[in-house]
Amino acid sequence: MPKSTKYIAKKPDTQGYIAYSSEEDAVWRDLFSAQQEPVQTYMAQPYLNGLKKLVLPGDRVPQCPDISRKLGALTGWKVSPVPALIGFQQFFGMLSEKTFPAASFIRSREDFDYIEEPDIFHEVFGHTPLLTDQRFAKFSQAIGKAGLRAEKGDYSWLIRLYWFTIEFGLTRENGVLKALGSGLASSTSELIHAVDSNEPVLQRFDVGNILRTPYRIDIHQPVYFVIEDLDELFAAAERDLIADVKVAQAKGLFAPLFPPKQKVS
């Protein structure tokens, strides 16, 4: 995740609601509208099912208490506003308690097409649909529980399993490649890049290989993992993921399929 951000968290009132401006609501409206056709075309059915269950508003930024009521009735999860950036320890801790941390700000018009850090559109439109499904909710909680057992040096290894599945995972439905991850659902460009461009390398889902695959957050991913059978993903929730991390660390990272990030002098 990025180490700094220009955005400032929006603070909720005592009831958990945030006063978004008309311009912020307009940004949500335009992002929501722009993604409707792409997600229906390229996203996998579990995501689409969840999106239908949530009935997110298209004309304004949704409020966490409203989403939490729907998620609570379906899977026992809730969404809680957090500052623009949080650390791995807090992230894992919240997941372990069935709480999804949602950055409360929404991107500016300047960052409409691409924003490096997660905003409320990514968090809600991208993540919450899968959290309506008990199987995906259980997997996310398992990542959180593993993170609580992890040492600080394990965090960047463990998070790769979340990154390449819940954030940027792919799957197949009736032989057709579909996107599963929230980072793809909420992206105005990477969704098509991942599913329909033939540019990235596609690899079969494998926990050990995922943990050894480096990534960058500021570019379209050059490699994605395809979960042919979703039961493989859900079975990973039963694994000793910290033991998997230790094995991956002993073997070392694969060579990255992307150039190093240029340093600004």
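In the block above lies the structure referred to throughout.
Note that the structure is a prediction, hence the values are computed from the model and not measured.

(A) View of the environment of Glu-151. Along the polypeptide, Glu-151 turns up in the loop between helix H6 (134–149) and helix H7 (155–167). Here the alpha-carbon distance between Glu-151 and Ile-242, two residues 91 residues apart in the chain, equals 9.1 Å.

(B) Up close: the sheet that holds strand S6 (residues 223–227). One open sheet accounts for four strands, arranged S4-S3-S6-S5; its pairing is mixed. Every other strand in the sheet has two partners, leaving strand S4 (176–179) and strand S5 (201–204) as the edge strands with one partner each. The average angle at which neighbouring strand axes cross in this sheet is 40 degrees, direction not considered. Relative to S6, S5 runs parallel, the two being bridged by four bridges. Residue pairing for S6: Leu-202 is matched across the bridge by Tyr-224.

(C) Unusual backbone geometry, seen in detail. Located in the positive-phi region is Lys-98, a residue other than glycine, with phi close to 60 degrees. If you trace the backbone, Lys-98 turns up in the loop between helix H4 (88–96) and strand S2 (99–103). The phi angle at Asn-174 is positive, at roughly 55 degrees, despite the residue not being glycine. Tracing the backbone through its elements, the reader meets Asn-174 in the loop between strand S3 (170–173) and S4. Classification of Asn-174 as exposed rests on a relative accessible area of 83%.

(D) Geometry of the pattern of salt bridges. Evaluation of the coordinates by the stated rule reveals 17 salt bridges. A salt bridge links Asp-30 to Arg-109, with the nearest nitrogen and oxygen atoms 2.7 Å apart. Taken together, the residues span a long stretch of sequence, with Asp-30 in helix H1 (residues 22–42) and Arg-109 in the loop between S2 and helix H5 (120–127) at a distance of 79 residues. Since its relative accessible area comes to 24%, Asp-30 is described here as partly exposed. By relative accessible area, which is 37% here, Arg-109 ends up partly exposed. For Asp-244, the salt bridge is made with Arg-239, and the minimal N-O distance between the two is 2.8 Å. Since its relative accessible area comes to 15%, Asp-244 is described here as buried. Classification of Arg-239 as partly exposed rests on a relative accessible area of 41%. Through salt bridges that share partners, Glu-23, Arg-29, Asp-30 and Arg-109 make up one connected network.

(E) Representation of the packing of H1 against H5 in the model. Two elements in contact, H1 and H5, have axes separated by 12 Å at closest approach and are oriented at 35 degrees. For the pair H1 and H5, the crossing hand works out as right-handed. On the side of H1, the interface is formed by Trp-28, Leu-31, Phe-32, Gln-35, Gln-36 and Val-39, while H5 contributes Ile-120, Phe-121, Val-124 and Phe-125. By residue class, the composition of the contact of H1 with H5 is eight nonpolar, two polar and no charged.

(F) Up close: the pairing of S2. Most of S2 is tucked away: five of the five residues are buried. Residues Thr-99, Pro-101 and Ala-103 line one face of S2 and the alternating positions Phe-100 and Ala-102 line the opposite face, and both faces are buried. With five bridges connecting them, strand S1 (residues 78–82) and S2 associate as parallel partners. The residue bridging Val-79 from the neighbouring strand is Phe-100, located in S2.

(G) Structural context of the side chain of Thr-128. With respect to the secondary-structure elements, Thr-128 resides in the loop between H5 and H6. Assessed through its relative accessible area of 1%, Thr-128 is described here as buried.

(H) Quick peek at the nonpolar core. Among the nonpolar cores identified, the biggest contains 82 residues, and Tyr-47, Phe-125, Leu-161 and Leu-170 are the most heavily contacted of them. Among the elements that line this core, the one with the most residues is H7, at nine residues. In this view, Leu-161 contacts Phe-139, Ile-143, Phe-205, Val-207, Ile-210, Leu-211 and Leu-241; residues no more than four positions away in its chain are not counted.

Reading guide: rules and limits
- Residues numbered from 1 in each chain as written.
- Predicted model: local features only at pLDDT ≥ 70, side-chain atom pairs only at ≥ 80, totals over all residues.
- Heavy atoms only, no water.
- Helix = DSSP H or I, 4+ residues; strand = E, 2+ residues; numbered from the N terminus.
- Pairing = 2+ DSSP bridges.
- Axes fitted to C-alpha atoms, helices over the stretch in contact; angles between N-to-C directions.
- Buried < 20%, exposed > 50% of the residue type's maximum accessible area, 1.4 Å probe, protein only.
- Salt bridge = Lys/Arg side-chain N within 4 Å of Asp/Glu carboxyl O.
- Left-handed = near helix turned anticlockwise from the far one by under 90°.
- Contact = heavy atoms within 4.5 Å.
- Nonpolar A, V, L, I, M, F, W, Y, C, P; charged D, E, K, R; others polar.
- Core = buried A, V, L, I, M, F, W, Y, C linked by side-chain atoms within 4.5 Å.

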